[in-house]
Amino acid sequence: MNILVTGSSGWLGQTLVPRLVREGHKVVGLDPEPGPTTEVVGSVVDRALVRHLVRDHGIEAIVHGAARHKPHIETHDNSEFVAVNVQGTLNLLEEAVAPGSKVDRFVFTSTTSLMISQKIRDGKAGGAREAMWIDETLGPLEPRNIYGVTKRAAEELCRLFNHLHKLPIVILRTSRFFPEEDDMAHAIEQSGDNTKANEFLFRRLTVEDAAEAHVVALEQAPDIGFDTFIVSAPTPFSPDDCAELLADAPAVVARYFPDYPRLYAGKGWTMFRSINRIYDASKARDRLGFVARTSFAEVLAAL
């Protein structure tokens, strides 16, 4: 296929574009920042550029990964989030369904962040009695910042265009795969690598797994039609663990992984004292046919 990948110079794009090329696809990478995986330097906000790329390159599929992300809240105005995350998505969708377009599938990179209200994030400190078990049925959604609000709006545009135009669209709500430090690193005792290892239990995946999920979504989109999936490493926990996870997470983890205290001690690592939410990626497994290859078990094996 001829595939347009937006955000091609980003962390995901740098992994996804070569993966698609290895599959034999012709990929046009679009990003405001130049890079080896970006063919066209520009923005999804530029409707004329989007139209040119879709039409003149005979684009048959779009992977829309470009966005203003949460770290940009400190450096960019709210209007920039609306322009890129909402108007940019609308530009792509409208050109995908315009007369003469060859686009027959659309994959949108969303985020689990839009599912986290301030109350869920506060967890134990906010009066919660157990960890929140989160799957795609969670609602109502109450994003707590402009990033989440605009990604939620973009998801609604995707739903609308599927409804009006029958364009097959798969929305992937990816959990954390960024390499940077957590934005709350100053408030937790664990180091960056320690934090990331812990998060594979409930809210993280590798960028390689994130890219693979997009490849699968591209393949499955025509058969799926429209759907939304949480993409995260498979959690070992069940809803029955939620109360104890909030109260004493290390004890729960030790039941599932008896060797973890010894392996962690060898690195000088510790487990979070409390886990306040768990992403359930079973729908992606059952309907999309995707399971992340790297889970907490693989992290321990690497130790």
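Before any of the text, the structure's been laid out above.
Numbering of residues starts from 1 in every chain and runs along the sequence as written. Two thresholds apply to this predicted model, a pLDDT of at least 70 for residue-level local features and 80 or more for giving and counting side-chain atom pairs, whereas whole-chain, interface and lining totals are computed over all residues. Side-chain descriptors were evaluated using all non-hydrogen atoms of the structure, hydrogens and water having been removed beforehand.

Turning next to the packing of helix α2 (residues 47-56) against helix α3 (residues 78-96). Lines fitted to the C-alpha atoms define the axes, with helices restricted to the stretch that makes contact. Angles between their N-to-C directions range from 0 to 180 degrees. Numbering goes from the N terminus for both helices and strands, where a helix is a DSSP run of H or I of at least four residues and a strand is a run of E of at least two. Contact geometry of α2 with α3 gives a least axis separation of 9 Å together with a crossing angle of 35 degrees. Seen from above, α2 lies across α3 with right-handed handedness. Mapping the contact onto sequence places R47, V50, R51, V54 and R55 in α2 and N91, L92, E94 and E95 in α3. Charged residues are taken to be Asp, Glu, Lys and Arg, nonpolar residues to be Ala, Val, Leu, Ile, Met, Phe, Trp, Tyr, Cys and Pro, and polar residues to be all remaining types, Gly included. Per-class residue counts for the contact of α2 with α3 are 3 nonpolar, 1 polar and 5 charged. A crossing counts as left-handed when the near helix is turned anticlockwise from the far one by less than a right angle, and as right-handed when that turn is clockwise. Contacts are assigned to residue pairs with any non-hydrogen atoms lying within 4.5 Å of each other.

With that settled, the discussion passes to the packing of aromatic side chains. Pairing of aromatic rings covers Phe, Tyr and the six-membered ring of Trp, with a centre-to-centre limit of 6.5 Å; geometry is then stacked below 30 degrees between planes, edge-to-face above 60, and tilted otherwise. All told, the structure shown has 6 aromatic pairs when counted by the stated rule. Centre to centre, the rings of Y264 and W269 are 5.4 Å apart; their planes meet at 85 degrees, and the pair counts as edge-to-face. Residue Y264 shares its accessibility class with W269, and that shared class is buried. An aromatic cluster is defined as three or more aromatic residues linked by ring pairs; in this entry it consists of F257, Y260, Y264, W269 and F296. Note on classification: 1.4 Å probe, protein chains only; a residue is buried when its accessible area is under 20% of the maximum for its type, exposed when over 50%, partly exposed between these limits.

On to the pattern of salt bridges, then. Basic side-chain nitrogens of Lys or Arg form a salt bridge, by our definition, when they fall within 4 Å of a carboxyl oxygen of Asp or Glu. Across all of its chains, the model carries 19 salt bridges by this definition. In this structure, E155 engages R152 in a salt bridge whose closest nitrogen and oxygen atoms are separated by 3.3 Å. A residue pair is termed a helical-turn pair when its members lie 3 or 4 positions apart in one helix, as E155 and R152 do in helix α5 (residues 146-165) at 3 residues. Taking the shortest distance from any N to any O, the salt bridge between R285 and D286 comes out at 2.7 Å. Classification of R285 as partly exposed rests on a relative accessible area of 46%. Each member of the salt-bridge network shares a partner with another, and the members are R152, E155, E156, R159 and R173.

Quick look at the side chain of N194 now. With respect to the helices, strands and loops of the structure, N194 is situated in helix α6 (residues 192-199). Here T270 takes part through its backbone oxygen, which lies 2.9 Å from a polar atom of the side chain of N194. Residues contacting N194, with those up to four places away along its chain left out, are Y264, W269 and T270. For the purposes of these results, a polar contact is taken to be a pair of N or O atoms within 3.5 Å, where, inside protein, one atom must be able to donate a hydrogen and its partner to accept one; residues adjacent in sequence count only when each atom of the pair is a side-chain atom.

On to the environment of L157, then. Tracing the sequence through the fold places L157 in helix α5. Relative accessible area serves as the criterion here: at 16%, L157 is assigned to the buried category. The spacing of L157 and L92 is 65 residues in sequence and 11 Å in space, taken between C-alpha atoms. Excluding its chain neighbours within four sequence positions, the residues that come into contact with L157 are V86, L90 and L93.

Cis peptide bonds are those with omega within 30 degrees of zero, and the linkage from G139 to P140 qualifies with -5 degrees. Mapped onto the fold, P140 is located in the loop between β6 (132-134) and α5. Even without being a glycine, K166 presents a positive backbone phi close to 60 degrees. In this fold, K166 is placed in the loop between α5 and β7 (169-174). Judged by relative accessible area, which is 60%, K166 ranks as exposed.

We now examine helix α1 (residues 11-22). Listed as buried for α1 are L12, G13, L16, V17, R19 and L20. Burial along α1 is one-sided: seen end-on, the buried residues are contained in an arc of 165 degrees. Turning to α1, the residues buried within the fold contact β1 (2-6), β2 (26-31), β4 (61-64), β5 (105-111) and α7 (207-224). Two residues or fewer past α1, G24 is found with a positive phi of approximately 100 degrees. Throughout, the arc means the angular range of directions from the helix axis out to the C-beta atoms.

Okay, α3 next. In an α-helix, one turn spans 3.6 residues; hence positions three or four apart end up facing the same way. Under the convention used throughout, the expected extent of a helix is 1.5 Å for every residue step, that is, one less than its residue count. In this model α3 runs 26 Å from its N-terminal to its C-terminal C-alpha over 19 residues, within 8% of the 27 Å that 1.5 Å per residue would give. Every buried residue belonging to α3 is among F81, V84, N85, V86, G88, T89, N91, L92, L93, E95 and A96, and all of these are buried. On its buried side, α3 packs onto β1, α2, β4, β5, α5 and β7.

What follows is about the pairing of β4. When a strand is regular, its side chains alternate between the sheet's two faces. Of the two faces of β4, the one lined by A61 and V63 and the one lined by I62 and H64 are each fully buried. For β1 and β4, the ladder comprises 4 bridges, and the chain directions are parallel. What sits directly across from L4, in β4, is I62. One requirement defines pairing of two strands: DSSP has to find at least two bridges between them.

Now for the sheet that holds β7. Taken in spatial order, the 7 strands line up as β3-β2-β1-β4-β5-β7-β8 in an open sheet, and their pairing is parallel. This sheet does not close on itself; its edge strands, each paired only once, are β3 (40-41) and β8 (226-231). With respect to the sheet, α1 is in contact with β1, β2, β4 and β5, its orientation differing from that of β1 by roughly 170 degrees. Contacts from α2 reach β1, β2, β3 and β4, with the element oriented near 175 degrees to β2.

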